[in-house]
Structure formats: C-alpha cells, structure tokens
Amino acid sequence: MTTIQPLSPDCLYRPCDVEHFTFTTTAELDDLTEGIGQMRAIDAAHFGIGMRHAGYNLYVMGQPGSGKRTLIRQLLDQRVGNEAKPADWCYVHNFSQPHKPRVIQLPAGMGARLQADMQQLVAELQATIPAVFEGEEYRRRLNQVDEEYGERQTQAFGEVGDEAVKQGIVLIRTPNGFSFAPAKGDEVMSPDDFEKLPAEEKTRIEQTIASLQERLEKVIRQVHQWRRERIERVRKLNEEVVLFATGHQIDALRSDYVDHPVVCSYLNEVQQNVIESMDEFRRPKEALSGLAALTSELPNFSRFLVNLLVGRDGTQGAPVVYEEHPTYHNLLGRIEHVSQLGALVTNFLLIKPGALHQANGGYLLLDAFKLLSQPFSWEGLKRALSTHEIRIESLGQMYSLVSTVSLDPEPIPLDAKVILIGNRLLYYLLAQYDPEFGELFKVAADFEDEVERSADSDLLYARLIGTLARRDGLHPFDRGAVARVIEHSARRAEDAERLSTHMQSLADLVREADYWAVQDARERVTRGDVDRAIEAQIRRSDRLRERSHEAILRGILHIDTEGEQVGQVNGLSVFQLGDFSFAQPSRITANTRLGEGELIDIQREVKLGGAIHSKGVLILSSFLASRYAAEQPLSLAASLVFEQTYGQVEGDSASVAELCALLSSLANVPIRQSLAVTGSVDQFGRVQAIGAVNEKIEGYFDICSKRGLSGRQGVLIPASNVAHLMLRRDVVDAAAAGRFHVYAVETVDEALELLTGIPVGTPAADGTQPAGSLNQRVAQRLKHLAGLRRAYAKKTPSGGKHEPDAA
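Residues numbered from 1 in each chain as written. Predicted model: local features only at pLDDT ≥ 70, side-chain atom pairs only at ≥ 80, totals over all residues. Heavy atoms only, no water.

Undergrad: Which residues make up the side chain of Ser655, and what values go with them?
TA: Tracing the chain through its elements places Ser655 in helix 25 (residues 655-667). At 2.8 Å, the side chain of Ser655 forms a polar contact with the backbone oxygen of Asp652. Here Val681 takes part through its backbone nitrogen, which lies 3.0 Å from a polar atom of the side chain of Ser655. Those residues in contact with Ser655 that lie beyond four places of it in its chain are Gly616, Leu620, Gly679, Ser680 and Val681. (Helix = DSSP H or I, 4+ residues; strand = E, 2+ residues; numbered from the N terminus. Polar contact = N/O pair within 3.5 Å; in protein donor to acceptor, adjacent residues only side chain to side chain. Contact = heavy atoms within 4.5 Å.)

Pasting the structure below:
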C-alpha cells in the first residue's frame, strides 16, 4: 500500500521574500513606464504603429482590465510628438453643383485663417457694394447712359414726327402706343372732314400713313434694341463697379494663398458669383420688414463662408482620438438639418466631422465591442479603410428612410491608423467569419494575462505599485504591503509561480488599501492594510457563499465531514459570481447493479450536465472496461448523480470523485467522508489538473472548520496542481498544526487508497488481483454479475429480451 503524506505548509503558500527589496517604501522607486511582461504585445504594437502601408491596423486583445488602452496610449504619446501635424480640412460651396460641396486641404492652422478671411470678406462686401451703388460716380455714369439712350429715342421719334408733319400727318402718343392721323392746320382732322376729301386725297393720306407706320415700326424695333444695349451697358457698368469695389480685396486673398491653387480657384468662383449676385448685396435684409421679410427670398451669403471641418491650430504632433461612443455618424460624420417654414433644409455649413476626420493623419482608438454593438458602424469603418476615403452619407438617404433635401459632400482621403481594443473572443470570431477583417487588421497585439514570478518581476510590481500610488495621490506602500499585493496577484493568477497582469484589480486593491491606512491615520500603507482591503472585497461579495454554507451547516444540504459511506464521496464545486468565486462540497453518489455495461449520468439524462462533464463520465466508462472487462462483457449498470443540485453541472473536475464513488459501490468498500476530492481523470487512471484549486480547498475547509476540525479532514488534489497553491493563512496554519491536510495524488489508485484505507493492488502477470485488494473485490463483483447475466441469458434464449406472443 502506498503511503501518501500530506503536503507540508511550505507547499501550500509561497510568500514574497521582502529581504530582496532594497527600498523602505515605494516613494523611493522610479515610475514604471512600460507594461510588466508584455514585450510580445509591445513589439507588435510598435510594428503596427510604425507600419504605414495599407491594412496594417491593430487589434489589441487581452482580458478586460489588463491595461491595454493605457499602455497603447503611452506608446502613442511617445511617438506622436515627433510626427508632423496633419492637414486642415474645409468644406466650401460648390457654385456649379450646390448639392456636392467641395473639400479643400490646407496646412495645419490655415483652415481657421481661411475661414476668418472669408467671414471678413463677406462682411466687407455687404458694406462696400451697397455704398458703391449709392455713390455719386456711379449715379453720374448711370445718368449718362440713361441720357444717351433717352436722347436717341427722342431723336428717332422726333424725326418720324417731323416727316409726318411735312406730309400733313400728325404723330399722336396714346396710352397704347403711337398712331398717325391726317392734320387740318395745327389740329387733327375730324372723321367728317376726312370723309369730305376727294378719293385721290384719301388714298394719298392712307399710303402716306402706311409708309410712316413702317418707319415707326422700324424705330420702335430700334428702340427695343437700344434698351437691350442699355441694359447690357448698365450690367457691365455694375460689374465694373463691383469689380472695382471688391477686386482688390479678393486679389489680396489670392496673393495670401498663391501657394494653394485650389484656394485660388475657389476665390475666382467666389468673385464671379459675387458679380452675378450683386443685386443680393444691393438689397440687404434689413431693408425688408414685417410680412415682406417672411415672404420674400432674403439674401443668403453663407455660401461664401468656409466650414472648417477639422482644424489643427494649437495642436502638437499627430492626433490620438479615442471615440467612446462609436455610432455610425460619430465615426464618419453627419449632415445636420434645420427647420425652415416647416421643411428640413441643409447646407454645407451643417456638415459635421466624425472621429475618422479628427484622427485623420493620426490614430483612432476604438473599443471593439462597442463598435460592433452599433448598427452600421463596423461596415462603415471597413468601407472607409478599404476605399481610403471618408464619405459622409446620411443613413436615412442611404436606405430611403427619409426624403429631405440632403448633400453629397466630396469624400476626404483617409490616412489614419485604427486601433481596435477588445477581447480574444471577438478577435477570433471576426477572423473566422469576416473575410475583410484579416485584410484590414493585419497586426494583433496579444496581452499576457500573467507573467512569471521572479525577483525581477517582484521589483517591477513594486515600481508599478509606486507609480499607481503617485498617480492617484495615495500614500506610499512599505515593503510588507508590496509583498502582500504580490502574493495576492499570484493568487489571482491561480499559480504560485506566476503573477496576474490584471491592472484594474491591482489598482483597486492599491486604492482600497490606502483607504484603510488613512482610516488609521498612517502615513504609509502596511501589510495589514492590504489584508484588510482583501477581506473587505470578499466581505462585500460573499453573501451567497454565507447562505450556501449556512444551508450545509444547518443540514439542509446533506454533506458528511466525518464517518464512512459506501458509494458516496465529497466532490467540490466552484461558483463564479462576477469577479468573486467560491467553492463548496457536493455529495456525489453511485449505484451499481446488473446490466449490460451502461453508465447512466443522471445530470445528463435530465439535461443538467454540460458537454465536458458528460465527456468525463464517458471516460469513467472507458476506464472501467479497460481495467476490469478487457476480455469479457461488462455486466454492469451504474448511475452517478450530484445530490441536491438543481442547476447546471459543467466540467470534469469531479471525475476522480465519481470514479472513486463508483468503485466503492462495486467493491462495497466505504469511503472516508472526512476527505473531499477534486481532479479529472484520463482513461488510464492518471489524475489531471483542474482550476480553482485554492477556492475548492478553502470551501471544504470552511465547512470543516465551522463544524470543528478533527485532524482527519482534508482534500485530495492533483499533484500537478501543487504549484498553484496560494491558500489563505488560516488554512496554512491549520495544516501546520496537523488539524487539516492537503494530499497530492497522481493516480486514481492513490486517491482510492487514501479514501478507503485499502490497497488497490497491482495485477499479477496472469491477470489475477492480489488477495484483499480493492481491485480483487471489484473483479469478484463483476465476475458475479457476469455469472448472473449468463444465467439470465440461458433462461431467455432470445438473448434476454422478452418477445410478445404472436397475435
């Protein structure tokens, strides 16, 4: 029989040696400017940030709270200060296609300057143009044109009238125009007098009037031509006056932006439109009032203004933008509308930038989960990265949801590095199901969840604690407090040889320990303050643990911690509640009887068992057949169940306990109820590592401690889990005093010997089992069941199946 000794207290907890710390408090340590143990992720981030080719965007992955975003921001801050500031981007009115605003790119700071220059120009034009048209010079030249054409018209009509007088005809001006009539002296001849004239005279007069009428029509046509000429001359005069009044202002702007042909071209269009719309400047809106102001089309000079979409004035280096709420419009920009007389209208001044505009030429950080949670955002981002341009589109217009007047702004070229921050699950889902993801995000920076525990990493942790304390204005930590934080970090990593890199929980613990130090009016944080903070964290979360343990102690949940039972063993179950996990014993029972080799998992039959748990039970069936029925049928029916469980059971960490209960039932050998078992098993009986080993040991210890430690209680764990032990101080102290034990087993045979006190036995060369061994008892029981099965088969020739009589 193998004698397995309990683990020594030194194996149950690995303390941090404060003697290798050369500091008294963390106030003496330098700040930590880099992540602990994250060189792989840092190297990948440096590569992704520095790689300027298309598609080399980053996906930074790791567990939430690992400090991914903080570290990436630090890397970017070290880099962006040396990079050139990106360009300003402006939208201006498109005079040829008003629904397609034009985009202008300018060096950093010049966009605001152009915006101010155009505002000043419009103000000056509004004042200058009306003043010029009201000036004496303009009036004189306009009067000169009017007089010239007035004289021409008077002269032409006068010549026709003189000719008519010579022919005895009078030219009469009427409200309806001109007409001719025969004259009698200085007066118009009456119709009666005209009738008295000889026929020859009548004919002559009619012919003369017809001739004069033709000449008059020619003059009238000439007058119309002169009027058109006058209008043209007045128009040219107005243009000349406007050009004279505004030319020097626009010329001055051209000279300021001579190095920017796009701006000069825009100014030419502005000048031409000012000339074409001079009447709007001559009719200021202040001249209209009352109903006229509501019903008349008021002058609108906003088309001459500049929409500074993105301005870099006052910034240094490349921009780093983190978009907290990455909706479609927050990413790609939007076109706003205003209500006018019950209708929604818009213009280029209502174009608003998105995060991609703000980060253009720099870096955009996005939370992957938030991005994917927003409708259309992921597709919009991919489209922008694929086409290398930012196109502002209204979702309502895109999907024909609204019919308001909208715009189609010219797209802006995109040159930005996008950094997604998220968990590993999202990364692998996107890589698997989105073929464009791999083309657009070619660099993955994977943050470690834990790092190796060593003297160097302990010192880095101490520097990190000091950095957090100074950043948040906390008291310095002494060496004992630092050591306790490191030990707790190893516990969070579930490994005595590694440390957790979960920065959020570390920062929370540092702040809470400082709180308790302040409560006790201490100038430095001590180990006791850290212990108190850890205990307070547990206390805030352990209500359900207390209720669960209370149910066991009151006998509502039946758990034996003393005595012996056949086919019953104490397993250990873990419950995860948010960031807090705890364990409690679970009673596992097994029943065996005559059958055909079936092993019934009751949890699975009622759909309360997960796939991994079902896999563990099937492995038990394989182990039984391999060891005890390799050359004969397994004439056994068995059932396994977690008693008094009413929820889902998942995982294979109870498979060793289930196998022990099953063999106990087969051999009719009782199991010590003072011991609990955890561990998974393979088909060859080797015990394999499981998770949450510390919580499981402590969960059983708590029940035994409250009932009273007898010195016989303990927990069996896989030997491969010994390196993970970071147990509570009270558990270690009880083990040191011999009142509680932790055993490490490598095979199920070792577990059975501890649980039953009977040697399992090793088969001889001929396959026979040693007398009195547990294996012999199992083999005898199986042989007995096989005999019963054969006898039953002889009684039922059909193979044990009852055939109904034929009708």
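Undergrad: Give a description of the packing of helix 4 (residues 110-133) against helix 7 (residues 199-256) that names residues and reports values.
TA: Where helix 4 meets helix 7, the axes come as close as 10 Å, and the angle between the chain directions of the two elements is 160 degrees. The angle between helix 4 and helix 7 places the two elements in the roughly antiparallel class. For the pair helix 4 and helix 7, the crossing hand works out as right-handed. In this structure, helix 4 contributes Arg113, Asp117, Met118, Leu121, Glu124, Leu125, Thr128, Ile129, Val132 and Phe133 to the contact, and helix 7 contributes Asn238, Val241, Val242, Ala245, Thr246, Gln249, Ile250, Leu253 and Asp256. Residue composition of the contact of helix 4 with helix 7, grouped by class: 11 nonpolar, four polar and four charged. (Axes fitted to C-alpha atoms, helices over the stretch in contact; angles between N-to-C directions. Parallel < 35°, antiparallel > 145°, perpendicular 65-115°, else oblique. Left-handed = near helix turned anticlockwise from the far one by under 90°. Nonpolar A, V, L, I, M, F, W, Y, C, P; charged D, E, K, R; others polar.)

Undergrad: Tell me what's going on with the packing of helix 25 against helix 28 (residues 748-756), and back it up with residues and numbers.
TA: Orientation of helix 25 relative to helix 28, taken along the N-to-C sense of each, is 60 degrees, at an axis distance of 10 Å. By the angle class used here, helix 25 and helix 28 are oblique. The element helix 25 and its partner helix 28 pack so that their crossing is right-handed. Residues Val656, Leu659, Cys660 and Leu663 of helix 25 form the contact with helix 28, whose participating residues are Val748, Ala751, Leu752 and Leu755. When the residues that make up the contact of helix 25 with helix 28 are grouped by side-chain class, the tally is eight nonpolar, no polar and no charged.

Undergrad: An account of the pairing of strand 24 (residues 637-642) is requested, with residue identities and associated values reported.
TA: Extensive coverage of strand 24 is indicated by the burial of six of its six residues. Neither face of strand 24 is open: one carries Ala637, Ser639 and Val641, the other Ala638, Leu640 and Phe642, and all of them are buried. With six bridges joining them, strand 22 (residues 580-593) and strand 24 adopt antiparallel strand pairing. Residue Arg593 lies in a different strand from strand 24, and its bridge partner there is Ala637. Direction of pairing for strand 23 (residues 598-601) relative to strand 24: parallel, over a ladder of four bridges. Following the sheet pairing, Ile600 is matched in strand 24 by Ser639. (Buried < 20%, exposed > 50% of the residue type's maximum accessible area, 1.4 Å probe, protein only. Pairing = 2+ DSSP bridges.)

These results come straight from atomic positions and should not be treated as a statement about function.
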